[in-house]
Amino acid sequence: GNCYVTCEALYHLIGGKIAGWKPETLKHEGDTHWYLRHTSGMVLDPTVSQFKTMPDYTQGRGRGFLTKRPSHRARVLIEVMVWQT
């Protein structure tokens with residue numbers, strides 16, 4: 001249940017669209033799952049360990065986040081991530 005906010009926070013931390021990243025979603029194990037894809041084709045899925053099976057990323061579709069800037073939840077997570085590095 002945290003894949004959206006985790007991807008949103010990570011997207012902003014690693015440079016977002018300017019750095020070649022875009023958010024994508026797919027249906028997996030009965031729910032919508034968010035992850036990031038780079039223009040090189042590389043998939044970055046920070047919450048994939050929650051699943052019993054690997055998602056089929058070929059089924060993903062590009063999506064946008066609800067806000068252009070990090071949401072409140074994403075800002076809180078960014079603060080935790082940056083503090084721990």
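For the structure itself, look to the data block above.
Keep in mind that this is a model prediction, so the values were computed, not measured.

## Description of the overall build of the protein
Link 1 in the chain: When you go through the protein residue by residue, the secondary structure sums to 2 helices and 4 strands.
Link 2 in the chain: The C-alpha atoms of the protein give a radius of gyration of 12 Å, which matches the 12 Å a tight globule of 85 residues would have.
Link 3 in the chain: Taken over the C-alpha atoms alone, the protein extends approximately 30 × 25 × 25 Å along its principal axes.
Link 4 in the chain: The burial tally for the protein puts 38% of its 85 residues in the buried class.
Link 5 in the chain: Considering only contacts within the protein whose residues lie at least 6 apart along the sequence, 56% involve residues at least 24 apart.
Link 6 in the chain: Here the protein displays about 5700 Å² of accessible surface, and carbon together with sulfur accounts for 57% of that area.

## Considering the environment of Leu 44
Link 1 in the chain: Here Leu 44 lies in strand E3 (residues 43-44).
Link 2 in the chain: Here the alpha-carbon distance between Leu 44 and Leu 66, two residues 22 residues apart in the chain, equals 20 Å.
Link 3 in the chain: Discounting residues that sit within four places of it in the chain, Leu 44 has contacts with Leu 10, Ile 14, Trp 21, Tyr 35 and Leu 36.

## Observations concerning the pattern of salt bridges
Link 1 in the chain: In the structure shown here, the tally under the stated rule is 2 salt bridges.
Link 2 in the chain: Across the salt bridge formed by Arg 37 and Glu 24, the nearest N and O atoms sit 3.0 Å from each other. Of this pair, Arg 37 sits in strand E2 (residues 31-38) while Glu 24 sits in strand E1 (residues 21-28), placing them 13 residues apart in sequence. The residues Arg 37 and Glu 24 share a single accessibility class, namely buried.
Link 3 in the chain: Several salt bridges share partner residues, and in doing so they unite Lys 22, Glu 24 and Arg 37 into one network.

Thresholds, definitions, all that
Residues numbered from 1 in each chain as written. Predicted model: local features only at pLDDT ≥ 70, side-chain atom pairs only at ≥ 80, totals over all residues. Heavy atoms only, no water. Helix = DSSP H or I, 4+ residues; strand = E, 2+ residues; numbered from the N terminus. Rg over C-alpha atoms; globule rule 2.2 N^0.38 Å. Buried < 20%, exposed > 50% of the residue type's maximum accessible area, 1.4 Å probe, protein only. Contact = heavy atoms within 4.5 Å. Areas by Shrake-Rupley, 256 points an atom, 1.4 Å probe, with all protein chains shown as cover. Salt bridge = Lys/Arg side-chain N within 4 Å of Asp/Glu carboxyl O.

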